[in-house]
Amino acid sequence: MHMPPDDRPPIRRRKRRWGPRRVWNLFVMAVGYFTIAYSVIRGIIYLLVLAEEWM
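In this text, all values refer to a predicted model and were calculated from it rather than measured experimentally.

J.: Just give me the short version of the overall build of the protein, but keep the residues and values in it.
T.: Helix and strand counts for the protein stand at one helix and zero strands. Counting over 55 residues, the protein shows a buried share of 0%. Taken as a whole, the protein presents about 6,600 Å² of accessible surface, with 66% of it coming from carbon and sulfur.

And the structure:
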């Protein structure tokens, strides 16, 4: 099959730059994941302490 000629210019891939917005998003995500992990670990420890008192 013959394809018709494409008049669109070829897509150029931009190099990923570490701009301030990307760094900020990475920082915010890291803080969020840290907060979630901290609260989950704290809750597990709290439940373990409660379970020890019940026993």
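J.: Explain the packing of aromatic side chains to me, using residue names and the numbers behind them.
T.: Overall, the coordinates contain two aromatic pairs when judged by the stated rule. Taken together, a centroid distance of 6.4 Å and an interplanar angle of 20° make the contact between Phe34 and Tyr38 stacked. Of this pair, Phe34 and Tyr38 both sit in helix α1 (residues 20-54), four residues apart, which is roughly one turn of the helix.

J.: Report on a nonpolar patch on the surface, specifying residues and quantitative values.
T.: A surface patch of nonpolar side chains, about 970 Å² in accessible area, is lined by Trp18, Val23, Leu26, Met29, Tyr33, Ile36, Val40, Ile44 and Leu48. Structurally, the position occupied by Tyr33 is in helix α1. Residue classification places Tyr33 among the exposed residues on the basis of a relative accessible area of 58%.

The rules behind the values
- Residues numbered from 1 in each chain as written.
- Predicted model: local features only at pLDDT ≥ 70, side-chain atom pairs only at ≥ 80, totals over all residues.
- Heavy atoms only, no water.
- Helix = DSSP H or I, 4+ residues; strand = E, 2+ residues; numbered from the N terminus.
- Buried < 20%, exposed > 50% of the residue type's maximum accessible area, 1.4 Å probe, protein only.
- Areas by Shrake-Rupley, 256 points an atom, 1.4 Å probe, with all protein chains shown as cover.
- Phe/Tyr/Trp six-rings, centres within 6.5 Å; stacked < 30°, edge-to-face > 60°.
- Patch = residues over 30% accessible without salt bridge, like charges linked within 9 Å, V, L, I, M, F, W, Y side chains within 5 Å.
- Salt bridge = Lys/Arg side-chain N within 4 Å of Asp/Glu carboxyl O.

From the geometry alone we can't say anything about function, so treat these as descriptive.
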